[in-house]
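An overview of the molecular structure
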Amino acid sequence: MSTSPQGHGGRDGSTDGAETSVRTVACVNCGRTNRVPAAAEGSPRCGNCRSPLPWIAEAGDADFREVAEQADLPVLVDLWATWCGPCRMVSPALEQVAEDLAGRIKLVKVDIDKSPALARRFQVQAVPTLLILDRGRPVARQTGAAPANALRKWVDESLSASHGPADPASARPR
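Here the structure is a predicted model, which is why all the values come from computation and not from measurement.

**Some points on the state of the cysteines**
What the rule picks out here adds up to 0 disulfides. Counting only cysteine sulfurs, Cys 27 is the nearest neighbor of Cys 49, a cysteine outside any disulfide, at a range of 3.6 Å. Relative accessible area serves as the criterion here: at 27%, Cys 49 is assigned to the partly exposed category.

Structure representation (structure tokens):
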């Protein structure tokens, strides 16, 4: 998967969330390039083959409600900072989880230095801080970096505790 942000940020190039961003995503199924907005109804699908696309967006104080809280899918929120080494290390793992669970979760990245109101709201004391929101309501929280497989397990367990697994194939018999 290849993603690149487009059309986000203000005139000074900042990404404070004042404008909704669009990412270009290559479909893992057919390779076609698709534009995926930060906020929309439903979940993104490839315009060519209709396969689910990974949904990765950035948000800030100004647009968090629209991008994350009003999402139809459960949202994995990454509260991070540019100066944080573990944040940079965990980012590819989070993107892998978003790709693995395409059509089932949305990954929203929030730079806490550019979004101090969100950092206060979620009482961020260390980064990275990860949250899972279900219909805008926090259902799980984790602080610190972890490999993709551990993050995937945490997401699955958190979502199954709130309303069912993100990946039905990962459901364990009871």
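**Digging into the sheet that holds strand E4 (residues 55–58)**
On the basis of which strands lie adjacent, the open sheet formed by 5 strands has the order E4-E6-E5-E7-E8 and mixed pairing. In the strand order of this sheet, the two ends are held by E4 and strand E8 (137–143), each with one partner. Taking the axes of each pair of neighbouring strands and ignoring which way they run, one obtains an average angle of 20° across the sheet. Bridge count for strand E5 (residues 75–80) against strand E6 (residues 106–111) is 6 bridges, and the pairing is parallel. Following the sheet pairing, Val 77 is matched in E6 by Val 108. Contacting E4, E5, E6 and strand E7 (129–134), helix H2 (residues 85–100) runs over the sheet at an angle of about 160° to E6.

**Remarks on unusual backbone geometry**
Across the junction of Val 127 and Pro 128, the peptide omega takes the value 0°, indicating a cis bond. Note that Pro 128 resides in the loop between helix H3 (116–121) and E7. One non-glycine residue, Gln 123, lies in the positive phi region at around 50°. Relative to the elements of secondary structure, Gln 123 occurs in the loop between H3 and E7. Residue classification places Gln 123 among the exposed residues on the basis of a relative accessible area of 58%.

**What to know about H2**
Taking 1.5 Å of rise per residue, 16 residues should cover 22 Å, and H2 covers 24 Å from first to last C-alpha, within 8% of that figure. At Ser 91, H2 shows its strongest bend, of approximately 30°, with the proline Pro 92 following within four residues. Considered for burial, the residues of H2 that qualify are Cys 87, Val 90, Ser 91, Ala 93, Leu 94, Val 97 and Ala 98. Buried positions along H2 lie against E4, E5, E6, E7 and helix H4 (148–162).

**Here we look at the pairing of strand E3 (residues 33–37)**
Residues Asn 34 and Val 36 line the buried face of E3, whereas the alternating positions Thr 33, Arg 35 and Pro 37 sit on a face that is not buried. Pairing between strand E2 (residues 22–26) and E3: 5 bridges, direction antiparallel. Bridging across to E3, Thr 24 finds its partner in Arg 35. Counting the residues in the hairpin turn of E2 and E3 gives 6 residues, including Gly 31, whose phi is positive at 85°.

**So, the environment of Glu 41**
Along the chain, Glu 41 falls in the loop between E3 and E4. Considering only alpha carbons, one finds Glu 41 and Leu 73, 32 residues apart in sequence, at a separation of 9.3 Å.

**Comments concerning the nonpolar core**
Residues Phe 64, Val 77, Leu 79 and Val 110 are the most contacted members of the largest nonpolar core, which totals 24 residues. Secondary-structure elements contributing two or more residues to this core are helix H1 (64–69), E5, E6, H3 and E7. For Phe 64, the contacting residues outside a window of four places in its chain are Ala 59, Glu 69, Val 77, Val 110, Leu 118, Arg 121, Phe 122 and Leu 133.

The rules behind the values
- Residues numbered from 1 in each chain as written.
- Predicted model: local features only at pLDDT ≥ 70, side-chain atom pairs only at ≥ 80, totals over all residues.
- Heavy atoms only, no water.
- Disulfide = S-S within 2.5 Å.
- Buried < 20%, exposed > 50% of the residue type's maximum accessible area, 1.4 Å probe, protein only.
- Pairing = 2+ DSSP bridges.
- Helix = DSSP H or I, 4+ residues; strand = E, 2+ residues; numbered from the N terminus.
- Axes fitted to C-alpha atoms, helices over the stretch in contact; angles between N-to-C directions.
- Contact = heavy atoms within 4.5 Å.
- Expected span 1.5 Å × (residues − 1).
- Bend = angle between axes of the 7 residues up to and from the residue.
- Core = buried A, V, L, I, M, F, W, Y, C linked by side-chain atoms within 4.5 Å.

That's the geometry; what it means functionally is another story.
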